[in-house]
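# Fold and geometry: a report
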Amino acid sequence: QVQLVETGGGLVQAGDSLRLSCAASGRSFKNYAMGWFRQAPGKEREFVVVRSWDGRRTLYADSVKGRFTISKDNTNNTLYLQMNSLKPEDTAVYYCAAETNPYGVGFNKQAYGYWGQGTQVAVSS
């Protein structure tokens, strides 16, 4: 059974940093595009950053560009999101996801078939 499990969320103050982890099990995601998405209360789920299967291409939402960094450890089958200079508007449930099929670019949200359960990030002002 394929599982994506996010950890690392929490309550922090504006300007603080957090590092989210997404541990994958059930299959290797070495050749899969993966990304981070978030959903704030009352809003639709939006993409934060996506990464092509080979890591050569990444796409960040304008709202997080320069503050967030995605990385991946294929040895440990884990995806990370380093979040710096957090703002109250970053408050949301953060989800990691992987595309259904390998060797994808990762830029199409509809291609993501594997999702974690989410981890809450709350940033106070």
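Now for a look at the structure at hand. (Residues numbered from 1 in each chain as written. Predicted model: local features only at pLDDT ≥ 70, side-chain atom pairs only at ≥ 80, totals over all residues. Heavy atoms only, no water.)

Turning to the overall build of the chain, a few remarks are in order. Of regular secondary structure, the chain possesses zero helices and eleven strands. Starting at the N terminus and ending at the C terminus, the chain contains elements arranged as β-β-β-β-β-β-β-β-β-β-β. Reported as C-alpha extents along the three principal axes, the dimensions of the chain are approximately 40 × 30 × 25 Å. The buried share of the chain, taken over its 125 residues, is 42%. Of the contacts formed within the chain by residues at least 6 apart in sequence, a portion of 59% connects residues at least 24 apart. Accessible surface, the chain as shown: approximately 6500 Å² in total, 45% of it carbon and sulfur. Separation of charge centres in the chain, based on 14 positive and 10 negative side chains, amounts to 6 Å. (Helix = DSSP H or I, 4+ residues; strand = E, 2+ residues; numbered from the N terminus. Buried < 20%, exposed > 50% of the residue type's maximum accessible area, 1.4 Å probe, protein only. Contact = heavy atoms within 4.5 Å. Areas by Shrake-Rupley, 256 points an atom, 1.4 Å probe, with all protein chains shown as cover. Lys, Arg positive; Asp, Glu negative; His and termini not counted. Charge placed at Lys NZ, Arg CZ, Asp CG, Glu CD.)

Evaluation of the coordinates by the stated rule reveals five salt bridges. When the shortest N-O distance is used, the salt bridge between lysine 65 and aspartate 62 registers 3.1 Å. Judged by relative accessible area, lysine 65 falls into the exposed class, the value being 52%. By relative accessible area, which is 66% here, aspartate 62 ends up exposed. Each of the salt bridges in this network shares a partner with another, and the network as a whole consists of Arg38, Glu46, Arg67 and Asp90. (Salt bridge = Lys/Arg side-chain N within 4 Å of Asp/Glu carboxyl O.)

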